[in-house]
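The residues making up each chain are set out below.
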Amino acid sequence: MKSAENIKQSIKKLNITAGPELHDRVLGSLLKTMEESTKQPSTATRPDIWRIAMKDRITKFAVAAVIIIAVLVIINQFGVPLDGSSVAWADVVNKFNSIAFFNASVYIKDNATDEPVQIEIWRNSQKKARIRVDSQLLFSDGGQVVGGYAIDGSIRKIEIEEYNEMGMAMAQKLFSFQEFSLDTVIKAFGVARERVKETTPLINPAAMISEDMLVFDVQSDISPEWMRIWVLRESRLPIRIRSWDPRDGDCVDVVMSYSAEQSAEFFDPKAYEKILMEVQHATGAGGRTNLAYALLKDPGGKDYTPKDLFEKAEADNESKDSANISGYHLPKVVQAGVTEYGAVWVMASESENRKPNGSTFYGFSDISDDLKRKYRSADSVWRVDGDVSVDVFLPENYPFDTARPKELTLRCSLEAEAMGHYQKEILVGNVKLDSWQKNTIWPQDRIKKDELQMIIWQAWTKTDDREKSQKILELVQQLDTNNKHSHQIEKVKLRMLIKEKNYEDAALLAEKLLSAEFEVFKNAKGNASYCEFYDYIVAIAANGDVHRATDLFNEIKQLKPDLSPYNNRANEHIMERLARQINGGDMSNLIRSLFTAGLDLKHVNTIVGFDVEQNEDTKPYIPSEFRRQQDPHVIKQQAYIKRLSEQYKANPLEPGQMVFNECKLKEIAYLGPVPDVKDHYFYVFNTDLHKFLKGYKSKGQAGRVNRIQIADGVKNPTLKHEIIFNSPKGFLHDECREFVMSEFGLEAIESQATETVLIAEYDGGERKDYRDIRCPAVGGSTSTPGAMSYISSGDIRLRSVFDSLAQDQEMMVVNNTGIEDKTIVTQEVANFKTAKGMELAEKWYKDNFGITFRKEQRCMPVWVIQKKP
Amino acid sequence: MLEDRRLLKRFKNGSTDALQCIYEKYENYLLTLAAALLGDSNAAEDVLHDVFCNFIERRKRIKLRGNLKGYLGTCVANLARDRIRSRSRVSVGLEATEPIVSDADGPDQSVIWSEESRQLTHALAQLPDEQREIIILHLRGGMKFRQIADMQAVSINTIKSRYRYGLDKLRSLLPDEVNK
């Protein structure tokens, strides 16, 4: 089954592309609609400055509104003579170019009454920038965004397609210009010099309240828009820029500040991710302040994040054995007890914990005792009033023995937000108890369910293990003196009989219990469920009475629960849920159980009243064994194997003997043991000779590559053959290839060839958790260097990773790392083909595993396939 | 790259260039959303077209609270929901639209599906409408649960439950992990 995380990733990447015909057709239609619509007179119609701007190819003006650097450039575009009349303005531009680091807050409004959107930017002298826009934090290097995180309550790495466009544009534009000169601007925008209007920013004396400040005004010559720039007189640095459109109040305000440069770490996405993950995992502290401003050092020594946040995280990470990690809190145990039959209950105050993403969890997650018993959570409640929770844990095994624990350990933990494919558990802490109320039940005003109900549920979950389930039921029957739970007990027995495939007794019991089940349904009101009848239908049908099962299902479909206590909306919701239990949507259990009980497709369809193979809801629930039985390839394979089995059972081969035959089994490549014939194996292949021989002697150390050379003149016939052999040593790959060679008069001669090999060495550094390893490139096709070529939900060993690199680079990889081939290192493997791929591989191996490569010339064994003399 | 607010402003002032930029920028995204929501390529094309027709018609009155992508995505979701309500409750899988969902990769194709997209959309089509919508809008549309809850006028907890149930069902519908 696919993991939820993989499904999420697949859906995020789901992409359907409009073909050119659709694109042209829809767009053409829309443009026509738009043109017609604009022809209609409108009071809002006015000259469109942006359209004019586009026609004049002066697109820079539009960019200027949101891009700080471009703002300055645009001013140049307006015609500021950098070398002449406006000396003060030239100073501003030059000074701005010389600064190493700045921080800017940009506020953008679409019109006079809009709430502004804020963007924050930090840019350093190394062409790196960090941008916070909306709930995203983007890191850029040289104008390209190299990492992005969603910071809406939790840290989540985001893919390129999720990056905020305004942020991406900002990152690009911050480094679009090597220097501020008119020529650069002209080159960057492809504008003919003669088209650039001359407009000089003028000092606005009325706007200057003191001599400390200069204020420049710039008026566009092609629209009513204007800009104002506030500049410090002494330093010549701009501190505020405003652009304004008087038509609607569309405005951009930029507030700039300058200080000592932030650390390299501040601009490094990996450093950000690492420290924030540590903080979250250790303390659970993940407020927006921490997420947005982590690693920011205020030049004045003020705090941008909670004062000791990072120090605390580091301390917590160092003390791994700490029982109580701060950030989240442990609930306070108010009362605890153990019932006569071993159920443990705990009432706790201050129970609610809140995750950084705003969701909550309550009480304790699991318990253990000094007797090493296993428990499972059976029920839990939490009430706002008093923030009190009650958790009930039942022993996994019944009947409960007489031994009593002396110590209970209550554990409070949660699953952390997933950063990758898996979730880490965060331990909030443990509470050890050495005293509790003995033989007492939990507060019944909190949890109304009685202990017997919970124990019956335990029996229900164990019907695969007759002995365990039976023991639990015996205990319950002893305790259920008023026969309050007799119907539920009998239903567990019915399930047990079905699991045992004792359909005769199951059908008898089903008929006996049915009338009571109808009553339960009628009284269940909103909790009524048609699923409660599934076992009855299965029992009766599996016992051979398909007609009766069909009638019963039809009868059930007519049942309507009493929904009078609920309002219309609730009724609608309940009926919708019930409908799915009889029309396919939620019938997976019934469909599976009927097939498992041995019914064929025709009978299943008869009972449910529709074709489950054609119904999109039920189709996936047809068991794979049943589907396989319908598959013509599988039918052919099974017939083939049966024939082999019969043939060689009657006439077994001698140990070591092989036979090579033509095989008419098309499109099947198959190998394995011949059933019921000791030490006999078969190998069916449908390929050409060269491909078949390719893997010869390929088993060995990690990083193997094809060691075969086919000599000139060796033909390459198509093979549609089988090999049957008797091998006490198991399946023989190379021997099969040698046998085929001999059949074609060929032999493999070992030779030597000097080749360049990659020697892998380990630098002794700490290796990352294999589940944290990601391929270097995100998105793109698998042919993109660095993009994922395959993934495993389990694990991938070093040997496989080296094999893949060897194949990609067509070079043997020699493992000199000292790390065993079988060591699990990752869940993802990237495509490292081409020189670019090798470059990426070197970085990937170094960063993730501390493995480096050097090339070496080595004399390597090869096998030359040639004709026998 | 001209950012969305600027594009929208130009569009509101009647620029066909801006319309073309917006359409080309979000065409595939919106088509993907619509196709995944409806499980039907033909209907997805119609929704894409209708969303933009409404967009043109109402352009003077559009006032963005969030971003343009989210706005258009919400329009697609609303229109898709209307379509689903108006048609039979019987789930229409992608197989019903086989002529459009072709394996061919030719230039004449209206809609080009990758194999994975096809499998995934096929599985999505088997979910109850309300679960499918939440999964697609949240994961592919990038909408927050709160936004979806507001859009559908149900509680955020209902949205989260439907999302979880939908994902569970998808897990049972999709094949095992790909292993090369």
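Residues numbered from 1 in each chain as written. Chains lettered and ligands numbered in written order. Predicted model: local features only at pLDDT ≥ 70, side-chain atom pairs only at ≥ 80, totals over all residues. Heavy atoms only, no water.

S.K.: So, the overall build of chain B: which residues are in play, and what are the values?
M.R.: Summing up its helical and strand segments, chain B has eight helices and one strand in all. Listing each helix as α and each strand as β along chain B from the N terminus yields α-α-α-α-β-α-α-α-α. Out of the 180 residues belonging to chain B, those deemed buried represent 56%. Only carbon and sulfur atoms are counted for the fraction: they give 48% of the accessible area of chain B, which is about 7700 Å². (Helix = DSSP H or I, 4+ residues; strand = E, 2+ residues; numbered from the N terminus. Buried < 20%, exposed > 50% of the residue type's maximum accessible area, 1.4 Å probe, protein only. Areas by Shrake-Rupley, 256 points an atom, 1.4 Å probe, with all protein chains shown as cover.)

S.K.: A description of the sheet that holds strand E23 (residues 658-662) of chain A should follow, citing residues and the corresponding values.
M.R.: All names here are of chain A. On the basis of which strands lie adjacent, the open sheet formed by four strands has the order E23-E27-E25-E24 and antiparallel pairing. Every other strand in the sheet has two partners, leaving E23 and strand E24 (670-673) as the edge strands with one partner each. The sheet shows a mean angle of 15° between the axes of neighbouring strands, direction not considered. Judged from the four bridges that link them, E24 and strand E25 (residues 680-688) form a sheet pairing that is antiparallel. Directly across from Tyr670, in E25, lies its bridge partner Val684. Across the sheet, helix H22 (residues 632-650) touches E23, E24, E25 and strand E27 (718-726), and the angle it forms with E27 is around 40°. (Pairing = 2+ DSSP bridges. Axes fitted to C-alpha atoms, helices over the stretch in contact; angles between N-to-C directions. Contact = heavy atoms within 4.5 Å.)

S.K.: Let's hear about helix H17 (residues 546-558) of chain A: which residues, and what values?
M.R.: Residues and elements named next belong to chain A. Look at H17: 19 Å from first C-alpha to last across 13 residues, which is about the 18 Å you get at 1.5 Å a residue. For H17, every residue scored as buried is listed here: Val546, Ala549, Thr550, Leu552, Phe553 and Ile556. Buried residues of H17, viewed axially, fall in a sector of 165°; they line one side. Structural note: H17 exposes His547 and Gln558 on the side pointing more than 90 degrees away from its buried face. (Expected span 1.5 Å × (residues − 1). Arc of directions from axis to C-beta.)

S.K.: Which residues make up the nonpolar core, and what values do they have?
M.R.: B:Phe52 and B:Leu124 are the most contacted members of the largest nonpolar core, which totals 66 residues. With 14 residues, the top contributor of residues to this core is helix H2 (residues 16-38) of chain B. Other than its neighbours up to four places away in sequence, B:Phe52 contacts A:Leu30, B:Leu19, B:Ile22, B:Tyr23, B:Leu30 and B:Leu72. Listed in part, the 48 residues of the second largest apolar core include A:Leu494, A:Leu552, A:Ile582 and A:Leu601. (Core = buried A, V, L, I, M, F, W, Y, C linked by side-chain atoms within 4.5 Å.)

S.K.: I'd like to hear about the sheet that holds strand E26 (residues 708-710) of chain A, residue by residue, with values.
M.R.: Pairing between sheet strands relies on hydrogen bonds along the backbone, with the strands arranged either parallel or antiparallel. Residues and elements named next belong to chain A. Ordered by their spatial adjacency, four strands build an open sheet running E26-E32-E28-E30, and the pairing between neighbours is mixed. Lying at the two open borders of the sheet, with one neighbouring strand each, are E26 and strand E30 (813-815). Pairwise comparison of adjacent strand axes, ignoring direction, gives a mean angle of 35° for this sheet. Here three bridges tie E26 to strand E32 (residues 851-867), and the two strands are oriented parallel to one another. Directly across from Ile708, in E32, lies its bridge partner Trp863. Against the sheet, helix H25 (residues 798-809) engages strand E28 (746-762), E30 and E32, with an angle of about 155° to E30.

From the geometry alone we can't say anything about function, so treat these as descriptive.
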